[in-house]
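Structural overview for review
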Amino acid sequence: MSKNIEEIFNFSETSDDCIKCGKCIPVCTIHQVNPDETTSPRGFIELLGAYQQGHLELDKNAKHIFESCFLCTNCVDVCPNSLATDMIIEEVRADIADKFGIAWFKRGFFFLLRNRKIMDFAMKFGYMFKTCALAQDDKDRGLRARFSLPMVKKGRLLPSMAKTSFLNSYPEEIPAPIQEKKNTRIALFIGCLANYNYTGIGDSLVHILKELNIDVFIPKKQLCCGAPAYFTGDMSSVEYMTKKNIEYFESFMYECDAMLIPEATCSAMITHDWEVFFKNHNMPEWEARAKKVAEKIYMATAWLDDNTDLQQILKEKGKKFDEAVTYHDPCHARKVQGIYEQPRNLLAPNYPMVEMSDPNRCCGFGGVTMQTEKFHFAEAAGKPKAAMIKETKAHYVSAECSACRMQLSEAMNNAEVETIFKNPLELISESLKD
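Below you will find a few notes about this structure.

The rules behind the values
- Residues numbered from 1 in each chain as written.
- Predicted model: local features only at pLDDT ≥ 70, side-chain atom pairs only at ≥ 80, totals over all residues.
- Heavy atoms only, no water.
- Phe/Tyr/Trp six-rings, centres within 6.5 Å; stacked < 30°, edge-to-face > 60°.
- Helix = DSSP H or I, 4+ residues; strand = E, 2+ residues; numbered from the N terminus.
- Buried < 20%, exposed > 50% of the residue type's maximum accessible area, 1.4 Å probe, protein only.
- Pairing = 2+ DSSP bridges.
- Contact = heavy atoms within 4.5 Å.
- Axes fitted to C-alpha atoms, helices over the stretch in contact; angles between N-to-C directions.
- Expected span 1.5 Å × (residues − 1).

Some points on the packing of aromatic side chains
For the structure shown, the criterion picks out 18 aromatic pairs. Aromatic side chains Phe249 and Trp274 sit 5.9 Å apart centroid to centroid with 25° between the ring planes, which places their arrangement in the stacked category. Here Phe249, found in helix H12 (residues 235–250), pairs with Trp274, found in helix H13 (residues 264–280); they are 25 residues apart in sequence, far enough to count as distant. Taken individually, Phe249 and Trp274 each receive the classification buried, so the pair is uniform in this respect. Aromatic pair Phe277 and Phe278: ring centres 5.3 Å apart, planes at 65°, arrangement edge-to-face. Neither Phe277 nor Phe278 differs from the other in exposure class; each is buried.

What follows is the structure in structure tokens.
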């Protein structure tokens, strides 16, 4: 062990509370594709207890095991004791990063996420020269690798690249079309994939808010929420980005009625994981500040359905599409935040809705490590989800999560499924157009 026992996070507290009932095993994403007791929630918990007590060396074999968890939170959802298996996996990954280091390409990626201007330049450079290594997919799902790249095999589908990021495409203030005595004022946190790759999501949200006659504020100094670094164990990057964001949010949050996030992972990270991170790392002042800013932060469809007349407006528009939609529940939406009815409520007035056999099953994105060194696990987890989508014969599959979009587009591409992925906000925006 690289740490003394007294320095290790108290994994035994969770391990001692596990009653080994096994309810977590059938729903565990990694156990479904790699059926081994060690790669199951109760296996993770038992091993982490042994590690904390000094009975397990954090060697490369243990590293492999703890990096195989998808962090889908299915186990937390069904656990009779609500044990936070995902949280303890996140904490041991910090120990893994301390002992083994973080791969160069991940360190480079997290550096870019910490530095918005450099990231803007890198993405603009990538856009200019993307055709050298990438080709546009014929179904417009993204970009296909022309040849094998580091950690990316030939033919793999990658997210599209925008010429201009969402944050650089709009002014900071977008007044409502009709100025009233007191307009609702909404701030937007866009998320990295929606900012640089799937910019139609932000465009659609701005359009919807304009239709609702809401003032829009786009805070330009926002950084990544920190989720990619958190799930990988780069806690110094997490601390930097969370503190910078909190300080920035505090400068304008109380002048806004809410901040909307059109991404399940970003929303869950900010409203849930920030507070957990500061609590686990003994930073009570920042824990309180994270909790305070989270009071005004919402996933976009949840706030729109719960706080506006959008559902009624969509019904009154009466616009009917023939293309059926099936909805996939992102893990960080339904299981972490309890959000699944609202996006369906806003899609149903204008689109035929057809449910897949298990919309709550994890798509298999799993984070940066799962999408690189352990991509074979992500591919295996994506296959049954692609099959479910194919069975519905829906024209669109929708989810308020760009990580799911990236993973499902690749899975559908591999399975030759014709269905196209759209964020619910993109579909709702189309319903509002004349």
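Let's pick the thread back up.
What about the sheet that holds strand E1 (residues 134–136)?
In spatial order, the strands read E1-E2-E3; together these 3 strands make up an open sheet with antiparallel pairing. Only two strands of the sheet have a single neighbouring strand rather than two, namely E1 and strand E3 (157–158). Sheet topology note: the strand E2 (residues 143–145)/E3 ladder contains 2 bridges and is antiparallel. Considered in E3, the bridge of Leu143 is made with Leu158.

Some details on the environment of Val92
Considering the arrangement of structural elements, one finds Val92 in helix H6 (residues 85–100). In sequence terms Val92 and Tyr51 are 41 residues apart; their C-alpha atoms lie 9.5 Å from each other.

A few points about the sheet that holds strand E6 (residues 215–217)
Judged by pairing direction, the sheet is mixed, and its 5 strands sit side by side in the order E4-E6-E5-E7-E8 without closing on themselves. Each edge of the open sheet is held by one strand with a lone partner, namely strand E4 (173–174) and strand E8 (297–299). The pairing of strand E5 (residues 185–188) with E6 spans 3 bridges and is classified as parallel. Looking at E6, one finds that Ile186 is bridged to Val216. Here helix H10 (residues 200–211) sits on the sheet in contact with E4, E5, E6 and strand E7 (258–261), set at roughly 175° to E5.

So, helix H20 (residues 402–414)
Over its 13 residues, H20 extends 18 Å from the first C-alpha to the last, a length consistent with the 18 Å expected when each residue adds 1.5 Å. Taken across its 13 residues, H20 has 12 buried, putting it largely inside the fold. Listing the buried residues of H20 in full gives Ser402, Ala403, Cys404, Arg405, Met406, Gln407, Leu408, Ser409, Glu410, Ala411, Met412 and Asn413. The positive-phi residue at the C-terminal boundary of H20 is Glu416, with phi of around 55°.

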